[in-house]
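# Breakdown of the fold
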Amino acid sequence: MTRSVFFQPADGWVGDLIPFQKDGEFWLFYLHEVRTEPKPGTSWNLVTTKDLTQFEDHGVSLHHGGEGDADFNAYTGSVVCDESGIHHLFYTGQNPRHRGSDGAPLQLVMHATSTDGMLTWVKHPELTFGAPAGYESGDWRDPFVFKDEASGLWRMLLAARHAEGPERRRGVIAQCVSPDLMDWEHTEPFWDPRRYITHECPEVFAWGDWWYLVYSEFSESFTTRYRMAKSPDGPWIVPARDSVDGRAFYASKTAERDGRRFFFGWIASKEDNRDDGAWQWAGTMSVLEARQNGDGTLAFSFADELVESFWDEIPVTFGNALPVALHAPDGYAVTMSDEVLPRQFYARAVLRIEPDTTECGLLLRSSADGDESYIIRLEPKRSRMVFDRWPREINGDAQWHVSGDVPFEIELERPCELAPGEHTLELVVDGDLCVAVVDGQVALSARIYELPDGRIGVFAGEGTVTVTELEIRKRTDN
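As the structure is a prediction and not an experimental result, all values here were calculated from the model.

This model, assessed by the stated rule, comprises 26 aromatic pairs. An aromatic cluster of three or more residues is present, and its members are Phe205, Trp207, Tyr212, Tyr226, Phe263 and Phe300. Above the plane of the ring of Trp13 lies Arg35, whose end atom (NZ or CZ) is 4.1 Å from the centre.

Shown next as structure tokens:
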């Protein structure tokens, strides 16, 4: 059986990731989710990787506390190393039985250290602290710590909420500072847009001339976003495409290696392993590599290591040899492969899109006539890429006439520039996971449960597209 390129533990799911790069290897701490009742408490587990495609699971790294402890759930945080070589782990302690003065389930910042290179952790409950006056006690989490070289202070960012104000717009990234990582003083907020419920998993890093603030928007939209500035104190600029991926990819945090920046997040699972199931918290780990554009904005695509791990070409034939032109000025045209593809593959298609084309793209795991498939659709007139499937289903019943305006799989769309000319569409399909990237700039992740296999196809709707290149590769494990 071919090994997956996406990590998921055998006994659970990957929640929020806390990546740390050590000697060229990524140490990926994550919240280990098990879907049993009653909940047994949440620990930090650890998986390591050097090539981003092969992972070693080390099991529990930071154990959660007992039923009466403040860290019955050990939630998200960060890891830093001080000048003496001691690693400091800051995390969120939460126990659903414990309440703050405002009646909310209490969240606390907690601290552990390691003197053996992060192999074992010693907790320091005496250093625990909660939200100060003016903040809700139930939202004081996800501590991210970094060194401010200009001031010499350590700075801690926290996902928090003001105690007063409109209910859906109290979210704030609170801030504490410390000279020694031990004693923390609350100071002015790091970012206070008064826009969202909260900003989960905040992080800040410098890259070249720019600073980047990354957070996961907890509101009517669940997605990881970023802002950019010339200093860690702002003012923060909203880039034109400010999201990392779509709804399926969440709680992403980053690590750097050799001048490259990688975003580690999880692709959410769906209830009952159904395409129409509700999104669930936690899922399967996925990694995207960020690259800087000339203006400092970020492009998101596959890491080279992932693409290069697919090296065994899969011959695919269509009715005509490439290039293949699909011309449908007021209709729809499709060409299908003769072959059924494996459950895991990498595909790269170069599509030349003519002016005034409404839509084009790839069909995945398709029936022979192309009428039942998953769809990666490029829509030049709307400047977006969307994930879709047909037939769509609601509550398990095929709906050929879906009520309301449902133009695609809701929440799975990404803005992208699709001017006339050539565009490159890349895919990694692996079991029930699909990640698409257009022009090395825009990524879109999705779950694909109910069509286990099928053909690949290219289509055009109300316009003309020419397939100039198409390569499909698989991995062959030793």
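Before going further, it helps to examine the nonpolar core. Phe264, Phe300, Leu364, Ile376 and Met385 are the most contacted members of the largest nonpolar core, which totals 89 residues. A total of seven residues in this core trace back to one element, the largest contributor, which is strand 32 (residues 455–474). Not counting chain neighbours up to four residues away, the residues in contact with Phe300 comprise Tyr226, Ser243, Val244, Phe263, Leu288, Glu289, Ala290, Val437, Gly440, Gln441, Val442 and Ala443. Of all hydrophobic cores here, the second largest spans 17 residues; its members include Trp27, Phe29, Leu46 and Met118.

Attention now goes to the side chain of Asp16. Here Asp16 shows up in strand 1 (residues 13–22). Buried within the structure, Asp16 lacks any salt-bridge partner; its nearest side chain of opposite charge belongs to Arg141, at an N-O separation of 7.0 Å. A polar contact is formed between the side chain of Asp16 and the side chain of Thr76, at a distance of 2.7 Å. There is a polar contact of 3.1 Å between the side chain of Asp16 and the side chain of Trp266. Discounting chain neighbours no more than four positions away, the residues touching Asp16 are Phe29, Tyr30, Leu31, Thr76, Cys201, Ala251, Trp266 and Trp281.

Hydrogen bonds between backbone groups are what pair the strands of a sheet, and the pairing can be parallel or antiparallel. Ordered in space as 9-10-11-12, the four strands form an open sheet in which the pairing is antiparallel. Both edges of this open sheet fall to strand 9 (135–148) and strand 12 (185–191), since each of them pairs with a single strand only. Between one strand axis and the next, the sheet turns through 30 degrees on average, direction left out of account. Relative to strand 11 (residues 171–178), strand 10 (residues 153–162) runs antiparallel, the two being bridged by eight bridges. By the bridge assignment, Met156 is partnered in strand 11 with Cys176.

Of all 11 residues making up strand 17 (residues 260–270), 10 are buried, and the element is well covered by its neighbours. Judged from the seven bridges that link them, strand 16 (residues 249–257) and strand 17 form a sheet pairing that is antiparallel. By the bridge assignment for strand 17, Tyr250 is matched with Trp266.

Procedures and definitions
Residues numbered from 1 in each chain as written. Predicted model: local features only at pLDDT ≥ 70, side-chain atom pairs only at ≥ 80, totals over all residues. Heavy atoms only, no water. Phe/Tyr/Trp six-rings, centres within 6.5 Å; stacked < 30°, edge-to-face > 60°. Lys NZ or Arg CZ within 6 Å of the ring centre and 35° of its normal. Core = buried A, V, L, I, M, F, W, Y, C linked by side-chain atoms within 4.5 Å. Buried < 20%, exposed > 50% of the residue type's maximum accessible area, 1.4 Å probe, protein only. Helix = DSSP H or I, 4+ residues; strand = E, 2+ residues; numbered from the N terminus. Contact = heavy atoms within 4.5 Å. Lys, Arg positive; Asp, Glu negative; His and termini not counted. Salt bridge = Lys/Arg side-chain N within 4 Å of Asp/Glu carboxyl O. Polar contact = N/O pair within 3.5 Å; in protein donor to acceptor, adjacent residues only side chain to side chain. Pairing = 2+ DSSP bridges. Axes fitted to C-alpha atoms, helices over the stretch in contact; angles between N-to-C directions.

Geometry only, nothing functional implied.
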